[in-house]
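Structural overview
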Amino acid sequence: HQSDADRETQSPSETRTLSHETIPRQLVVATLLCDKNLGERLKECQEQGHEGIPPDELLNLMTEAAKGIDFLNAPQHLLGDERISIQHCDIKPANLMLTGASVMICDFGLARFFSDYWATLTGTELAGSPAYMAPECINQRPSQNTDQYSLAITYFELRTGRLPFQSSGIVEV
């Protein structure tokens, strides 16, 4: 372990060893401005007399969202010398942004890092949107499938105009 004094004198371009005490606890995501989110697109479609977003359009949007989630969830992101996956942990229509015909994932405030070592260190104090929350998150144990479950709930809502569960409480859902 390096002392604070050693870290202060080290050049930013030098290789550093990260321990669990020095792993950054913030994830910074820069993104373009968007046109609207998928929740807003749903409201537009409903105002036009549709139950939800028309199937052809929705399938294209969900394909875009799924590609983004697959990218995040793949253990390909370097953290120190380890490859990790990222679970967003709050996939819902308001966090899927439209930019032209592309969907971008936003709001990484609840994101968690996953690897064999780090999952236990970052998987606590999970919060989220109960209507979209995967069952394992109720017990604060997000898994590699958490975001896919939330995307399926999102698809259901965007297609039908309603959530599959009519409750907003974690215990009731």
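All values reported here derive from a predicted model rather than from experimental measurement.

Structural notes on the confidence of the model for the protein chain
Residue-level pLDDT values for the protein chain average 77, and 70% of them are 70 or greater. Mean pLDDT values over the elements of the protein chain span from 45, in helix α4 (residues 119-122), up to 96, in helix α2 (residues 38-47). Across residues 10-20, confidence stays below pLDDT 50; counting only partners more than four residues off in sequence or on other chains, it has 14 contacts. In the predicted structure, residues 120-124 sits below a pLDDT of 50 and forms eight contacts with residues beyond four places in sequence or in another chain.

Observations regarding the packing of helix α3 (residues 55-73) against helix α6 (residues 146-160)
It is the contact of α3 with α6, at a shortest axis distance of 11 Å, that shows an interaxial angle of 165°. As the angle between them shows, α3 and α6 are arranged roughly antiparallel. Crossing of α3 over α6 shows right-handed handedness. Of the residues in α6, those in contact with Pro 55, Leu 58, Leu 59, Met 62, Ala 65, Ala 66, Ile 69, Asp 70 and Asn 73 of α3 are Asp 147, Gln 148, Leu 151, Thr 154, Tyr 155, Leu 158 and Arg 159. In terms of residue class, the contact of α3 with α6 is built from 10 nonpolar, three polar and three charged.

Considering empty space enclosed by the protein
Tallied over the entire structure, the rule returns one cavity of 30 Å³ or more. Taken as a whole, the largest cavity spans an internal volume of roughly 50 Å³. Around the largest cavity, the lining comprises 10 residues; the ones closest to its centre are Cys 89, Asp 90, Tyr 132, Met 133 and Ser 150.

Points about the sheet that holds strand β2 (residues 77-79)
Within the open sheet, the three strands sit side by side as β2-β3-β6. Their pairing is antiparallel. The sheet is open, and its two edges are formed by β2 and β6 (112-114), each paired on a single side. The sheet shows a mean angle of 55° between the axes of neighbouring strands, taken without regard to direction. Summarising the sheet, β2 and strand β3 (residues 82-87) pair through three bridges and their orientation is antiparallel.

What about the nonpolar core?
Residues Leu 38, Ile 53, Met 62, Leu 96, Ile 105, Leu 151 and Leu 158 are the most contacted members of the largest nonpolar core, which totals 23 residues. Filtering out sequence-adjacent residues up to four positions away, Met 62 remains in contact with Leu 38, Leu 96, Leu 151, Thr 154, Tyr 155 and Leu 158.

Some points on the sheet that holds strand β1 (residues 36-37)
Read across the sheet, three strands follow the order β1-β4-β5 without closing on themselves; strand pairing throughout is antiparallel. Across the chains shown, the open sheet's two edge strands, defined by having one partner strand only, are β1 and β5 (102-105). For strand β4 (residues 96-99) and β5, the ladder comprises four bridges, and the chain directions are antiparallel. Its bridge partner lying in β5, Thr 99 is registered against Ser 102.

With respect to α6
For α6, built from 15 residues, the straight-helix expectation of 21 Å at 1.5 Å per residue is met to within 8% by its first-to-last C-alpha distance of 22 Å. Contacts made by the buried residues of α6 are with α2, α3, β3, β4 and α5 (135-138). Looking one or two residues beyond α6, the residue adopting positive phi is Gly 161, at roughly 85°.

Side note on unusual backbone geometry
Working note: non-glycine residues mostly have negative phi, and peptide bonds are mostly trans. The backbone phi angle of Cys 89 is positive, close to 70°, even though this residue is not glycine. Within the fold, Cys 89 resides in the loop between β3 and β4.

Considerations on the side chain of Lys 92
Along the chain, Lys 92 falls in the loop between β3 and β4. If we skip the residues at most four places from it in the chain, Lys 92 touches Ser 129, Tyr 132 and Thr 154.

Rules of the game
- Numbering of residues begins from 1 in every chain and follows the order in which that chain's sequence is written.
- Only residues with pLDDT of 70 or above have their local features reported here, since the model is predicted, and side-chain atom pairs are shown and tallied only from 80 upward, although totals for entire chains, interfaces and linings are computed over all residues.
- Water and hydrogen atoms were dropped before computing side-chain values, which therefore reflect all heavy atoms in the structure.
- The pLDDT value expresses, per residue, how confident the predictor is, ranging between 0 and 100.
- What counts as a helix is a DSSP run of H or I of at least four residues, what counts as a strand is a run of E of at least two, and both are numbered from the N terminus.
- The contact definition used throughout considers only heavy atoms, calling two residues in contact when any of these lie within 4.5 Å.
- Angular values range over 0 to 180 degrees, each being the angle between N-to-C directions of two axes fitted as lines to C-alpha atoms, with helices fitted over their stretch in contact.
- Throughout, the term roughly parallel applies to angles under 35 degrees, roughly antiparallel to angles over 145, roughly perpendicular to angles from 65 to 115, and oblique to all others.
- Crossings are assigned a handedness: left-handed for a near helix turned anticlockwise from the far helix by less than a right angle, right-handed for a clockwise turn.
- Note on residue classes: Ala, Val, Leu, Ile, Met, Phe, Trp, Tyr, Cys and Pro are nonpolar, Asp, Glu, Lys and Arg are charged, and everything else, Gly too, is polar.
- Points on a 1 Å grid over protein atoms alone make up a cavity when a 1.4 Å probe fits among them but cannot get out, and a pocket when they form an open set with protein on both sides within 12 Å along at least five of seven lines; lining residues each have an atom within 4 Å of a point.
- Grid points are joined across faces, edges and corners, and a volume is the space filled by probe spheres set on the points.
- In this scheme, strands are said to pair when DSSP sees at least two bridges between them.
- Put simply, buried Ala, Val, Leu, Ile, Met, Phe, Trp, Tyr and Cys residues joined by side-chain atoms within 4.5 Å make one nonpolar core.
- We call a residue buried when its accessible area falls under 20% of the maximum for its residue type, exposed when it is over 50%, and partly exposed in between, using a 1.4 Å probe and counting protein chains only.
- Multiplying one less than the number of residues by 1.5 Å gives the expected span of a helix.

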